[in-house]
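Structural overview for review
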Amino acid sequence: MQRFVRRLSTISSSSRLAQIAFHLAYEPITRRTMATVSTLGPAPWRKLFLDHVQTMPSPEFSLATVRKTSSLTGLAYAPRTRTCVFRGLFADLPVNPKNEAELNPDIYESDFLTLTTDCRMDKMAELFDVDADDGANEGLLRGSGGGAPVEAVFWAREKGTQWRVRGKAWVLAPDIEGSAEGRQVITKLRARMRRRKNAGSEPADGRLWSFGREVTAHFGNLSPQMRGTFRNPPPGTPVALPVKDGRLGLGQKVGDLEDEVARGNFRVVVIVPDELDQADLSDPEAPRRWLYTFVGGGKTESTTRGGSIRDGWEKVEVWP
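Because the structure is predicted, anything quoted here is derived from the model rather than measured. Per-chain numbering applies: the sequence of each chain, read as written, is numbered from 1 onward. The predicted nature of this model means local features are confined to residues of pLDDT at least 70 and side-chain atom pairs, given and counted, to a pLDDT of 80 or more, with totals for whole chains, interfaces and linings taken over all residues. Each side-chain value is worked out from all heavy atoms of the structure, with water and hydrogens disregarded.

**Some thoughts on the overall build of the protein**
Labels follow the DSSP assignment, with helices taken as runs of H or I lasting at least four residues and strands as runs of E lasting at least two, numbered in each case from the N terminus. Counting its regular elements, the protein contains eight helices and eleven strands. Partly exposed residues are those whose accessible area sits between 20% and 50% of the maximum for their type, while under 20% is buried and over 50% is exposed, using a 1.4 Å probe and protein chains only. Within the protein, the proportion of its 320 residues that are buried is 44%. Any two residues whose heavy atoms approach within 4.5 Å at even a single point are treated as in contact. Nonlocal contacts in the protein, meaning residues at least 24 apart in sequence, comprise 69% of its contacts between residues at least 6 apart. Here the open area of atoms and residues is found with the Shrake-Rupley method and a 1.4 Å probe, where only the protein chains shown may cover a residue. Carbon together with sulfur atoms contributes 52% to the accessible area of the protein, which is approximately 17,200 Å² in total.

**Quick word on the pairing of strand β1 (residues 60-71)**
Here the rule is simple: two strands pair whenever DSSP picks up at least two bridges between them. Sheet topology note: the β1/strand β2 (residues 74-85) ladder contains twelve bridges and is antiparallel. Note that in β2 the partner of Leu63 across the bridge is Arg82. Count of turn residues in the β1/β2 antiparallel hairpin: two residues. The pairing of β1 with strand β5 (residues 145-156) spans three bridges and is classified as antiparallel. The residue of β5 that forms the bridge with Leu63 is Ala152.

**Thoughts on a nonpolar patch on the surface**
A cluster of nonpolar residues, Val66, Leu75 and Tyr77, forms a patch on the protein surface that exposes about 290 Å² of accessible area. Relative to the helices and strands, Val66 is located in strand β1. Given a relative accessible area of 41%, Val66 falls into the partly exposed group. Each patch is built from residues lacking any salt bridge and having more than 30% relative accessible area; the joining distance is 9 Å for like charges and 5 Å for nonpolar side chains (Val, Leu, Ile, Met, Phe, Trp, Tyr). The term salt bridge refers to a side-chain nitrogen of Lys or Arg lying within 4 Å of a carboxyl oxygen of Asp or Glu.

**Quick look at the pattern of salt bridges**
The full count for this structure, using the stated rule, is 24 salt bridges. For Arg67, the salt bridge is made with Glu126, and the minimal N-O distance between the two is 2.7 Å. Of this pair, Arg67 sits in strand β1 while Glu126 sits in helix α4 (residues 123-128), and the two are 59 residues apart along the sequence. Here Asp111 and Arg194 are joined by a salt bridge, their closest N and O atoms 2.8 Å apart. With Asp111 in the loop between β3 (108-109) and β4 (113-118) and Arg194 in strand β7 (residues 194-195), the pair connects residues that are 83 residues apart, well separated along the chain. Its relative accessible area of 5% is what places Asp111 among the buried residues. Residues joined in a network through salt bridges with shared partners are Arg46, Asp92, Glu109, Asp111, Arg194 and Arg196.

**Remarks on the side chain of Thr114**
With respect to the helices and strands, the residue Thr114 is situated in strand β4. N or O atoms closer than or at 3.5 Å make up a polar contact, with two conditions inside protein: a donor-capable atom paired with an acceptor-capable one, and, for residues adjacent in sequence, both atoms drawn from side chains. Only 2.6 Å separates the side chain of Thr114 from the backbone oxygen of Gly88, close enough to count as a polar contact. What Thr114 contacts, discounting residues up to four positions off in sequence, is Val85, Phe86, Arg87, Gly88, Leu89, Phe90, His218, Val269 and Val270.

**Section: the side chain of Glu109**
Looking at where Glu109 falls in the secondary structure, it is placed in strand β3. Look at Glu109 and you get buried, because its relative accessible area is 11%. Among residues more than four places away in sequence, those in contact with Glu109 are Pro42, Arg46, Phe90, Ala91, Met193, Arg194 and Arg196.

**Re the environment of Gly143**
Mapped onto the fold, Gly143 is located in the loop between α4 and β5. On the accessibility criterion, Gly143 (10% relative accessible area) is buried. Sequence-distant contacts of Gly143, that is, excluding residues within four places in its chain, are made with Phe128, Val171, Ala173 and Asp175.

**Let's talk about the packing of aromatic side chains**
The criterion for an aromatic pair is that two Phe, Tyr or Trp rings (for Trp, the six-membered ring) have centres within 6.5 Å, with stacked assigned to planes under 30 degrees apart, edge-to-face to planes over 60 apart and tilted to the rest. Scanning the entire structure with this criterion turns up 15 aromatic pairs. Both rings, one in Phe49 and one in Phe154, keep their centres 5.1 Å apart while their planes meet at 90 degrees; by these two values the pair is edge-to-face. In this pair, Phe49 sits in helix α3 (residues 46-54) while Phe154 sits in strand β5, placing the two residues 105 residues apart along the sequence. Neither Phe49 nor Phe154 differs from the other in exposure class; each is buried. An aromatic cluster is built from Trp45, Phe49, Phe61, Phe86, Phe154, Trp163, Phe294 and Trp313, whose rings are joined through pairwise contacts. Definition used: whenever NZ (Lys) or CZ (Arg) falls within 6 Å of the ring centre and also within 35 degrees of the ring normal, the charge is taken to sit over that ring. Residue placement shows Arg192 over the ring face of Phe294; its charged tip is 3.6 Å from the ring centre. A cation over a ring is seen here: Arg263 above Phe219, with NZ or CZ 5.4 Å from the ring centre.

Written out as structure tokens, the structure reads:
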């Protein structure tokens, strides 16, 4: 049983207006927010995908993005890719007995891929789909947002299968529940989340499912040394330049889950899949390939020959 979170802070102000304002500010992330989740079942590819990931020595994948930069003729576009570590599906955090973070109740699940990153990385501009050379975007990239198209590619060697997941990437920052941008991200995510099968109702004592708590849980799932990397000098800056912030340095270990510097740089990235390409190459003489496309709950019959629809996903077998 996962540990639950502390109760919401008591409002100290005696003003009734202040209490109402507090309630309205946080209500979108509590009962009303999660009441609008999807009624569809798990994606038909979900179980097999997770089974294959379990066979990988390390759950690494390649994340492809598009970088926009300014040029004399307008915006220039260039591909970017890097190796990332799969951190499980959102709302289904892998169990880590050393994680001291208070966890959300086991009520919701999703088909969203997650990874963690540093908001000072170059890829942030790509995840937000903005001009990387425009300094005016610096503040934007420190908060929640994103929505850029990405592709994640897994090679499950033991199963001889390649998984390509295409969708939009959303960034969860410390302001996920307190800013307009964060609430927009929550709205996008909750529309495709769902209640777990046989899940009970949310606790009646005010301990509701929280996006912010989920971000903290991801931070807690990392080792102290990995958490310490979020106190590294700014990634990509020349080593010859002096580091202005004395709190930054290599080789640090962070035990405090609310460390101001590390948490200020830590981000959870959630990929909401729209397409999935499964290529089974385990038999060289009879390779097979399937394309999955999310069509939502309003479509029940495929218009593609040989296709079928289940839980909002159209599945079509194609030649590899």
